[in-house]
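Structural characterization, general
One-letter residues, chain by chain:
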2 protein chains.
Amino acid sequence: MKKHLLSLSAFLIVLGTASAQNQQQLEKTFDSHLSSENIGKTIKELTLRPHYLGSPGSKEVAENLLAKFKSYGWDAEIATYQVLFPSPKVRILEMTAPTKYKAVLKEPAYKEDATSGHPDQLPSYNAWSADGDVSAELVFVNFGLPEDYLTLEKLGIDVKGKIVIARYGRSWRGIKPKVAQEHGAIGCIIYSDPKEDGYYQGDVYPKGSFKNEFGVQRGSIMDMVIYPGDPLTPFIGATPNAKRLAREDAENLLKIPVLPISYHDAQPLLESLGGPVAPEDWRGALPFTYHIGPGKTSVRLKLEFDWKIVPAYNVIAKIKGTDYPDQWIVRGNHHDAWNPGANDPISGIASMMEEAKSIGELVKNGYKPKRTLVYCAWDAEEPGLIGSTEWVEDHVAELKQKAVVYINSDGNGRGFLSAGGSHGLESMVDGIAKDVIDPQTNVSIYDRLKAREIVSAGSDKARKDNMAKKSMSISALGSGSDYSAFLQHAGVPSLNIGFGGENAGGEYHTAYDSYDYYSRFGDPGFNYGRALSQTIGRAVLRMANADTLPFEFKNLHKTISSYVTEMISMTDQMRESTAVYNQVISGNNHQLAADPAKPEKLPIPKAEVPYIDFSVLQNSLVKLESSALALSERIAKGNIPGTSLKALNEALYQAEQSLLTKDGLPRRPWYKHTIYAPGFYTGYGVKTMPGVREAIEQRDWKEAQDQIRISADAINRLAEHLNNTTKLAQ
Amino acid sequence: MKKHLLSLSAFLIVLGTASAQNQQQLEKTFDSHLSSENIGKTIKELTLRPHYLGSPGSKEVAENLLAKFKSYGWDAEIATYQVLFPSPKVRILEMTAPTKYKAVLKEPAYKEDATSGHPDQLPSYNAWSADGDVSAELVFVNFGLPEDYLTLEKLGIDVKGKIVIARYGRSWRGIKPKVAQEHGAIGCIIYSDPKEDGYYQGDVYPKGSFKNEFGVQRGSIMDMVIYPGDPLTPFIGATPNAKRLAREDAENLLKIPVLPISYHDAQPLLESLGGPVAPEDWRGALPFTYHIGPGKTSVRLKLEFDWKIVPAYNVIAKIKGTDYPDQWIVRGNHHDAWNPGANDPISGIASMMEEAKSIGELVKNGYKPKRTLVYCAWDAEEPGLIGSTEWVEDHVAELKQKAVVYINSDGNGRGFLSAGGSHGLESMVDGIAKDVIDPQTNVSIYDRLKAREIVSAGSDKARKDNMAKKSMSISALGSGSDYSAFLQHAGVPSLNIGFGGENAGGEYHTAYDSYDYYSRFGDPGFNYGRALSQTIGRAVLRMANADTLPFEFKNLHKTISSYVTEMISMTDQMRESTAVYNQVISGNNHQLAADPAKPEKLPIPKAEVPYIDFSVLQNSLVKLESSALALSERIAKGNIPGTSLKALNEALYQAEQSLLTKDGLPRRPWYKHTIYAPGFYTGYGVKTMPGVREAIEQRDWKEAQDQIRISADAINRLAEHLNNTTKLAQ
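All values reported here derive from a predicted model rather than from experimental measurement. (Residues numbered from 1 in each chain as written. Chains lettered and ligands numbered in written order. Predicted model: local features only at pLDDT ≥ 70, side-chain atom pairs only at ≥ 80, totals over all residues. Heavy atoms only, no water.)

1. What about the packing of aromatic side chains?
All names here are of chain A.
- Applying the stated criterion across every chain, the model contains 56 aromatic pairs over all chains.
- When the centroid spacing of 5.9 Å and the interplanar angle of 40° are considered together, the rings of W172 and Y684 count as tilted. Pair noted here: W172 is in the loop between β5 (163-167) and α6 (175-182) and Y684 is in the loop between β15 (676-678) and β16 (686-688), with a separation of 512 residues, a long-range link.
- Summarising the aromatic geometry, the rings of Y205 and Y517 are spaced 5.2 Å apart at their centres and angled 50° between planes, so their arrangement reads as tilted. Of the two residues, Y205 is situated in the loop between α7 (194-197) and β7 (219-220) and Y517 in helix α16 (residues 515-522); the sequence distance between them amounts to 312 residues. (Phe/Tyr/Trp six-rings, centres within 6.5 Å; stacked < 30°, edge-to-face > 60°. Helix = DSSP H or I, 4+ residues; strand = E, 2+ residues; numbered from the N terminus.)

Dropping the structure here:
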């Protein structure tokens, strides 16, 4: 440690030049203050009691984090918002026919898991379910996705007036009740099938890491693809005096009762179903023949919630930048959890606090970031990204002016680097990934990730392509954590970073996401917690110290081009396959091939797919390419006058805002980014170029053509912005 | 009926011209004598009691069939062979650790199934298991195929000295103990997993058609890919005085005990296994985490058999041909069954007897086939195609001289036409498929099959290709029924024809393959039984009456060409993928991508794939193409002198023998066909151009090159033969 400090002092003298060597030395020192053991201690400390939004435990955690930030030398405060939050009062699920069964709805305590019997535990439920007392026949709807309802239609099964049971998986959970409601269902049960999440995957808890028969995945079903955050205050911060919607006017709340259950509770219901045998891809791993219903099986679902306005405590900590105090490097992770939340979110927040501690040490030893660091521990992420969304909405103008980047993390685990976000930052992430060492293999986290991509590739061609790759690709971001408001609403360049892939298990959103679980199965030794601090810490320090911010828009151009190519080919493919589909129908083939003993509705022809004009989009990409190239060449040349730097950097980080559209996406104006959004029918899953892509997928050709123009305008704005940025460097 | 008979008389007068119109009228009359109801009656009558080889029931069935043939006006006799057949004396399977469990090994009787409790029932066992009493640790080997042992090796698990448990599926059952024995296992258990064969597929018997927890698939594990038939008399008929091998010298008998069990009996064994969690594609549908073992689970397997020489009764019935009595149209189906055998084989034999009855009626009304009809009801198919093989071996010289064709059927059910065999007969099958009407849809069985191929195609390209097709393709034959000795040993052009695909269930080789089951789930109304009689009856009558036999070798050339193209591309593909495979290894990617918590052996590089010389094969195909074309054109021209017809036809049906090779396939000289054979590691599954293809698959490049030459010689012989045939028509 001493040696590092000496080197540090030596380099601090020349920090003004921000040379690569100095930055490297700074990062080495930064690393020296990171302790896996301490990360483990933080996780243990913050998971002693349940700490969901509005609970005493949550306030305790927020105050603990506040005190920690202060003790590390940060300016810290708690920013409180007043937000709606339903907690369960009545939860009854009963099968009333053909036999009686009353669902357990309870996860038992285990001696191997110290916090599993905590009296503060939040029962299993889906936040934002409607209140209701409904009784009806039960229908199994597989994963509850739009394509599953096409199968039901083919089989002549209507869910109108029925209660549906869907299994978790293949989509964000909120899609299932949303689609059920669209089809007229009056209630929705979501269960974890052991096929996706239970004994089929591996030994169950507490023997192994997978979901046992009683485990229940809690979670929000707010329709956050419309807008996330407090349902009563879209577009504005949920300050005490904010103008609030009536709850029934909140467009992102469903109208039917929804309850998640275990496979122990699902088994008697599913096993008793009559009706047709479920198609092969509808079958799970429970030991009986899956049927769809309806018929002999009826259930009653009664749910009541306490709909309270509760305080959400965001902890905001800052270290002021010396040169550019109004350029903010924002970093965040939520702190609220459904219960102990050792993985989700405490593993992430423990790494973030370790970064904060280490940066505090650097500052105590004389380091001064050029830009302001803003570290945020969000409350109320679980019910719908509420803490971060309210803060962004409350400070949106300031953030558009000042926020250089938002770097998010959430649950973290053993395994491989996973990074998504704004493609203008792809080359920076690539550089970092090549500098951080994987704790298990002692090669870089880039090399390890690349090895896995090579080994797990689906074809020899993909394997060869992966071997030939020289840099890392980052994914596009959908939703599911606190970057949404920053990136998709405010246009702040964002990253979401974590490790995982070797921590498979079933603890997610159950009472067993505990320290005992996490230290056995999540990240034993907490070394990936340290790796996360190293990775994000580098991003923070590099952006805080850079003379010229490490944006590279050539990558963005390349990525958007690939999306456009993909959509053109998808449209051609749809045209071709629609023609074949219709030809198969007109040849009477379905009727002849069908099994007369299993009557099914015959498919009907689809409208032909027209040719779409992508040229404005293609032309905008030509402009973007040359403007990105010119900017890149100018920056590479160096010798940018010191007086230009502030404005140049501002232009660089504000560039992403050119991609926002004033009116937002069709039917969801809160989402303003033309390149990245959560899918309307995937939820967490991203749809890139969502306006165009979803219109094509929904076969709305008029809207597709409109959205092509809107997206092309956005790309043209970005090209123009980059041209102006290049001029600033003169 | 009367109207038809009148028309018939009219056409019999002109039958000598064998015009298409007359043939059509004959077939219409033939159809008029076929009764679905009567087929159902025959099935019921022949399934009243178990009738496996050597049982009193089997003798009864043979005598019943003999009497039927005679009553229909056929010359019929029983040809008896003396063959080895083991029946079970002792069957014990116990788990001895970690807990005790004694396997039930018994299928209960159900009131819904009248014959399910018959006292003559043959217990569940695998014929040709060795005697043995072994105790060892248990290892789960998935489907027990060579690739599963590669996975075991990767996981560091050796089955040497262990007892393995494999699930039914993905290969002929006999491959599983064979590969287990090759790897040093001392015993093998085969069970039906509900994933492939049980509740996962649908409702179980007697509620539904799928295998219930007690059902056991019996069956032979004779290594019939070496040679089928009586193990003691390869190459020769098992006549009373035939020279017999000692049992221990029979190369197609395994040396380890093998027992099939139900999933009820498998569950406690599999559930108790320790060791690594089974990879995803190893997991079945039982409700626990599948582990591989070995370790804490030990079992004892004790099996003793009564190894007796028993009589096999083949029923052979003839109607002598008028013009060419020494040209035989041979038709067969076995009559022995593991128990009642309503589907396997009685549904097939009932259709065959219906043909025999109808042909008898035609003959009574004056019809005289030009060629001799030989109808055969084989005994001892189930233990290893024994009845048919011994008969063929006993008459091989005569068959090579006289047999025009062998047309086989076996179990039959509701659904779609399935036809395989010699591609020289493909166009004949195509013509028939377009003439027979599907009983459920009233279009031709060709149109219905084509519709299914279109609807179930895996890609738009395949759908379009299928829609564009104008004729039916027949598949190549592997093994699994009585055509093997005819086609693959004697070179008699063969066909195997049946219906199915809408009769899915779990009765196969259980005690529940009964009339009660079959009339509910197999072919309710027995209309596909009648369709089978119509289809095969047409083949028999067309070949019996034809002036020039309907062989078309252009189809054969096209088919062999496609095999060669496929093998060339497979070899190129292996070369490319081996290079990539080795490159992935040399880049250290497996080591970096591996989960250190789950140690696995790293893969080692494979030898590079050399370029192989396929040119002799390609040149032989050029010759075959022109010779087939010339012959086809000559026949199409017509006006063949009556004096040439006998020799021409003989040359046509003997052409297939050119494709035999004197020495047979490597390591299995009994199999002499260079184009069709059962796969050495697939069993029932065909390997086309087996000598070349299996050498490539096994990466034996020297043998591949040798086999290319041998196959090219065969094809050149065929081309030469066809040239000579064309000359005969002058």
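2. Quick look at the relation of the copies chain B and chain A
- When chain B is fitted onto chain A, the two copies agree to an RMSD of 0.0 Å after a turn of 180° and an axial shift of 0.0 Å. This pairing of chains is accounted for by a two-fold axis.
- Comparing contact sets, 100% of the residues at the interface of chain B also lie at the interface in chain A, consistent with an isologous, same-surface contact. (Least-squares fit on C-alpha atoms with pLDDT ≥ 70 in both. Contact = heavy atoms within 4.5 Å.)

3. Notes on unusual backbone geometry
- Put simply, A97(B) and P98(B) share a cis peptide bond, and its omega is 0°.
- Tracing the backbone through its elements, the reader meets P98(B) in the loop between β1 (75-97) and β2 (101-102).
- Each neighbour pair has its own omega, and for D344(B) with P345(B) the value is 15°, a cis peptide bond.
- Mapped onto the elements, P345(B) comes out in helix α9 (residues 342-364).
- If you check the backbone angles, N639(A) has positive phi at about 55° while not being a glycine.
- Tracing the chain through its elements places N639(A) in the loop between α20 (615-637) and α21 (642-654).
- In this structure, L385(B) takes a positive phi of about 55° despite not being glycine.
- Within the secondary structure layout, L385(B) lies in the loop between β11 (371-378) and α10 (386-394).

4. With respect to the UniProt feature "domain: Transferrin receptor-like dimerisation" (unreviewed entry) in chain A
- As recorded in UniProt, the feature "domain: Transferrin receptor-like dimerisation" (unreviewed entry) lies at residues 612-722 of chain A.
- The span residues 612-722 of chain A is 59% helix and 5% strand, and its two end C-alpha atoms sit 28 Å from each other. (UniProt positions renumbered as here; feature names shortened; annotations may be inferred.)

5. Notes on the pairing of β1(B)
Residue and element names in this part refer to chain B.
- Pairing geometry for β1 and strand β9 (residues 298-319), over 21 bridges, is antiparallel. Within the sheet, the bridge partner assigned to F85 lies in β9 and is K308.
- Pairing between β1 and β2: two bridges, direction antiparallel. Each bridged residue has a counterpart across the sheet, and for M95 the counterpart in β2 is Y101.
- Between β1 and the antiparallel strand that follows it, β2, lie three residues. (Pairing = 2+ DSSP bridges.)

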